Amino acid sequence: MFDVKIINGTVVDGVSNERYLADIGIEGEYITAIGDLKDAEAKEIIDATGKIVSPGFIDTHTHSDVSVLADPHCSARLHDGVTSEVIANCGIGLAPISDDRKDDLKKYLSTRLVASIPVEVTLPWNTSKEYFDAVDAAHPCTNIIPLLAQGPIRVKTMGFSDAKPTEEQMNQMKADIRQAMEEGCVGMSTGLTYMPGAYTSEEELTELLKEVAPFKGVYTTHMRNEGPRVFQCIEESIRTAKNAGVALHISHLKLMSPKVYGKTSYLFEMLETAKASGQDVTWDSYPYNAGCTSLGACMPPWAFEGGVPALMERLADPEMRKKMTHDIVEGIPGWENFYQACGGWENIPICCVFTKEAEKYLGMYIADAARMEGKEPFEFVYDFMLQEQSRIQIITKDAMNIDDVRYVMGNPYTMIGSDSMSLSTQGLLAVNKPHPRAFGTHGRFLGHYIRDQKIGTLEHGIKRLTSMAAKRFNVEKRGALKEGYYADITVFDYDEIIDTATFSDSLSYTKGVEHVIVNGKVALRNGVETESYSGRVLRGGK
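Presented here is an overview of the structure given in this document. (Residues numbered from 1 in each chain as written. Predicted model: local features only at pLDDT ≥ 70, side-chain atom pairs only at ≥ 80, totals over all residues. Heavy atoms only, no water.)

## Considerations on the overall build of the protein
As a reminder of what qualifies: Here a helix means four or more residues in a row that DSSP labels H or I, a strand means two or more in a row labelled E, and each is numbered from the N terminus. Restricting the calculation to C-alpha atoms gives the radius of gyration, and the globule rule supplies 2.2 Å times the number of residues raised to the power 0.38. A 1.4 Å probe rolled over the protein chains alone gives each residue an accessible area, and that area as a share of the maximum for its type sets the label: buried under 20%, exposed over 50%, partly exposed in between. Every accessible area reported is derived by Shrake-Rupley at a probe size of 1.4 Å, with residue values counting cover from the shown protein chains alone.
Looking only at helices and strands, one finds 18 helices and 21 strands in the protein. Its C-alpha atoms give the protein a radius of gyration of 22 Å, near enough to 24 Å, the size a compact globule of 542 residues would have. Its C-alpha atoms give the protein principal-axis dimensions of about 80 × 50 × 45 Å. Buried positions account for 63% of the 542 residues belonging to the protein. For the protein, the accessible area works out to roughly 18900 Å², and carbon and sulfur atoms hold 49% of it.

## What about the pattern of salt bridges?
Pairing between side chains of opposite charge can happen when their charged atoms approach one another. Which entries qualify depends on this criterion: The term salt bridge refers to a side-chain nitrogen of Lys or Arg lying within 4 Å of a carboxyl oxygen of Asp or Glu.
Taken as a whole and judged by the stated rule, the model has 36 salt bridges. Here lysine 43 and aspartate 3 are joined by a salt bridge, their closest N and O atoms 3.2 Å apart. One end of the pair, lysine 43, is in strand 4 (residues 42-47); the other, aspartate 3, is in strand 1 (residues 2-11), with 40 residues separating them in the sequence. For aspartate 3, a relative accessible area of 25% puts it in the partly exposed group. Arginine 451 is paired through a salt bridge with aspartate 452; the nearest N and O atoms lie 2.8 Å apart.

## Quick look at the pairing of strand 20 (residues 521-525)
Sheet faces and side chains relate simply in a regular strand, where the side chains alternate between the two faces. So the rule is basically this: Two strands qualify as a pair provided that DSSP identifies no fewer than 2 bridges between them.
In this structure, strand 19 (residues 513-518) lies alongside strand 20, joined through 3 bridges in antiparallel fashion. Counterpart to valine 518 in the pairing with strand 20 is lysine 521. Counted between consecutive antiparallel strands, the loop separating strand 19 from strand 20 contains 2 residues, among which asparagine 519 sits at a positive phi close to 50°. By the bridge criterion, 2 bridges tie strand 20 to strand 21 (residues 528-529) in an arrangement that is antiparallel. The residue bridging arginine 525 from the neighbouring strand is valine 528, located in strand 21. Remark: 2 residues form the turn of the hairpin made by strand 20 and strand 21, two consecutive strands paired antiparallel; asparagine 526 in that turn has positive phi of roughly 55°.

## Digging into the sheet that holds strand 15 (residues 350-352)
Note the threshold: Helix axes are fitted to C-alpha atoms over the stretch in contact, other axes to C-alpha atoms as well, and angles between N-to-C directions run from 0 to 180 degrees.
Reading across the sheet, the 3 strands line up as 14-16-15 and stay open at both edges, with antiparallel pairing between neighbours. Whereas interior strands pair on both sides, the edge strands pair on one side only; in this sheet they are strand 14 (291-294) and strand 15. Across this sheet, the average inter-strand angle for adjacent strands is 40°, counted without regard to direction. Judged from the 2 bridges that link them, strand 15 and strand 16 (residues 393-396) form a sheet pairing that is antiparallel. Across the sheet, residue isoleucine 350 finds its bridge partner in strand 16, namely isoleucine 394.

## Some thoughts on empty space enclosed by the protein
Where we set the bar: Whether a set of points on the 1 Å grid over the protein atoms alone is a cavity depends on a 1.4 Å probe fitting there but being unable to get out, while an open set qualifies as a pocket with protein on both sides within 12 Å along at least five of seven lines; lining residues are those with an atom within 4 Å of a point. Grid points are joined across faces, edges and corners, and a volume is the space filled by probe spheres set on the points. Here the nonpolar group is Ala, Val, Leu, Ile, Met, Phe, Trp, Tyr, Cys and Pro; Asp, Glu, Lys and Arg are the charged ones; every other residue, Gly included, is treated as polar.
Within this structure, the stated rule accounts for 6 cavities of 30 Å³ or more. Quantified by volume, the largest cavity comes out at close to 200 Å³. Looking at the largest cavity, it is lined by 22 residues, and the ones nearest its centre are Tyr194, His222, Cys292, Thr293 and Asp419. If you tally residues by element for the lining of the largest cavity, the top one is strand 14, at 4 residues. Residues that form the lining of the largest cavity fall into these classes: 9 nonpolar, 8 polar and 5 charged. A volume near 100 Å³ is recorded for the second largest cavity. Lining of the second largest cavity is provided by 15 residues; of these, Leu113, Met421, Leu423, Pro434 and His435 occupy positions nearest its centre. The set of elements that each furnish at least two residues to the lining of the second largest cavity consists of strand 15 and helix 16 (437-452). Taken together, the residues of the lining of the second largest cavity break down into 10 nonpolar, 3 polar and 2 charged.

## A look at the nonpolar core
Using the following cut-off: In these notes, a set of buried Ala, Val, Leu, Ile, Met, Phe, Trp, Tyr and Cys residues joined through side-chain atoms within 4.5 Å is what counts as a nonpolar core. The contact definition used throughout considers only heavy atoms, calling two residues in contact when any of these lie within 4.5 Å.
Judged by nonpolar contacts, the single largest core of 164 residues is most densely connected at Ile234, Leu295, Met299, Trp345, Leu446 and Phe492. Take this core: its biggest share by element is 7 residues, from helix 8 (residues 230-244). If we skip the residues at most four places from it in the chain, methionine 299 touches Leu315, Met324, Ile328, Trp335, Val381, Tyr382 and Met385. Residues Val4, Val11, Ala22 and Ala48 belong to the second largest nonpolar core, which totals 16 residues.

## Let's talk about the packing of aromatic side chains
For any pair of aromatic rings, geometry is given as the distance between the ring centres together with the angle between the planes. For clarity, the threshold we go by: Any two rings among Phe, Tyr and Trp, with Trp reduced to its six-membered ring, count as a pair given centres within 6.5 Å; such a pair is stacked if its planes are under 30 degrees apart, edge-to-face if over 60, and tilted if neither. In this scheme, Lys NZ or Arg CZ marks a charge over a ring once it lies within 6 Å of the ring centre and within 35 degrees of the ring normal.
With the rule as written, the count across this model stands at 17 aromatic pairs. Look at tyrosine 108 and phenylalanine 160: their rings are 5.0 Å apart centre to centre, the planes differ by 50°, and that puts the pair in the tilted class. Of this pair, tyrosine 108 sits in helix 3 (residues 102-109) while phenylalanine 160 is found in the loop between helix 5 (150-158) and helix 6 (167-182), placing the two residues 52 residues apart along the sequence. Each member of the pair tyrosine 108 and phenylalanine 160 is classed as buried. Each residue in the set Tyr339, Trp345, Phe378 and Tyr382 is aromatic and connected to the rest through ring pairs, giving one cluster. Of note, lysine 275 hangs over the ring of tyrosine 413, and the distance from its end group to the ring centre comes to 3.6 Å. Taking NZ or CZ as reference, arginine 437 lies 4.6 Å from the ring centre of tyrosine 286, over its face.

## Side note on the environment of leucine 113
By the secondary structure assignment, leucine 113 is in the loop between helix 3 and helix 4 (128-138). Residue class for leucine 113 comes out buried when judged on its relative accessible area of 16%. Put simply, leucine 113 and isoleucine 392 are 279 residues apart on the chain and 8.4 Å apart in space, counted from C-alpha to C-alpha.

## Focus on unusual backbone geometry
Omega for the bond connecting alanine 95 with proline 96 falls within 30 degrees of zero, at 0°, which places this linkage in the cis form. Among the structural elements, proline 96 can be located in the loop between strand 7 (82-87) and helix 3. Methionine 195 connects to proline 196 through a cis peptide bond whose omega is 0°. Relative to the helices and strands, proline 196 resides in the loop between strand 10 (187-191) and helix 7 (202-209). Of note in the backbone geometry, alanine 88 takes a positive phi value of approximately 65° without being a glycine.

## Examining the sheet that holds strand 13 (residues 281-285)
Strand order across the open sheet formed by 6 strands is 9-10-11-12-13-17, with parallel pairing between neighbours. Only two strands of the sheet have a single neighbouring strand rather than two, namely strand 9 (148-149) and strand 17 (414-416). Contacts from helix 7 reach strand 10 and strand 11 (218-222), with the element oriented near 165° to strand 10.

Below is the structure:
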């Protein structure tokens, strides 16, 4: 007898280029039969007549490191068809860390998207394994695929110093990387536009990544620049991965500056040339022409040297304010300047704040908020960051050209990552005005781009959401509907699936996802969440 049987569905299995009618039988955590199962008994039957039955979607780029502990329901993920998500992206993570550096890391994390929810980041662990144990103890509804974030590795050894590491410091960081990989990380991520990634040279990074290579881990990078210098940064990423002997995965591939709009064909020529030369290169992106980052990311890198307390001191110093304003307006060679990329404070809305006092600014453009307060925009920004201790997130509105986004979405090798936390429409995680990608990424990709814009077939679109992602992150027995594979399954109405979250009303679930099964347990039934908490950390992709 099956525990669950899905009948009458149209199967898109994540591997083949054809869809077919079949039933699926599940016993325990596994798919044990696919075919005509009409005579087989089952404890629960899901009728998928007229619906698509696919592998559960794998979100290749998330920041749910904190939110999965705060609310293990993972509601926005389930309603978007996601059964597994890759965390610790952009070099931002919660482990490993030493007791004497926890305060530094906690204060920094509070300024990043990963902790832009009303919970205290306590870090009651030191190693990656201890963090994974904490996630498993929280019993999340989705599977968690862990990267190793380079940020905590450097903070643990060097704090927020911009100095070149000594030989002793390098050896310590290498030892920490080896331990984290042994404990189950599937690769290492960097955020080279953020701190302390921006302080890390290509030479240093190459040496660190050599410790990832023996584990066949992937190097996942938020490059130093995604705007005017994006092509040089693509070259740096490829060169770094090649010299370290690791596979490369580029996060949220985009062209984020009018100076490079319309050059996506050249972007892909570079990537295809690298692949043709034998370099293992992949990438992901999100289906929106606006991004989201911290307001602190608009500050020059030197302003963060020494960590958040040092940043606060500089923000309070009139002379430092003048220097910051100069560098933001004029730019610094090699620095990713979000202010310039968006065309100034007039085009940057506020989406997440920390204090009740600041909630009045939610959804407002920074220039408008400054006018409301009778302040010059830069002065408002510095005062605002002091008030909120830099716990402010912004939308980089219209930072990308929509035609470029469509081009990236249409590339047959582009995987899909939401670049978000798992949130909810109610409770603790129903806060602020987050980027709609937290709720609608996969529904938008399948509904708007695959079905309506016809950028590719449904079958290949599902591959990009499932088996391609599983292969990239070395996830075993997931990403496809096969006998003997884990029963991570999404059932959706292809005629109906679409994102409903908007920038003005972002707390809204994707429409059309009807059933989601995680490790053989029904987590979403008829569009309603169950009390099944069957996800877990996939240590080493297992």
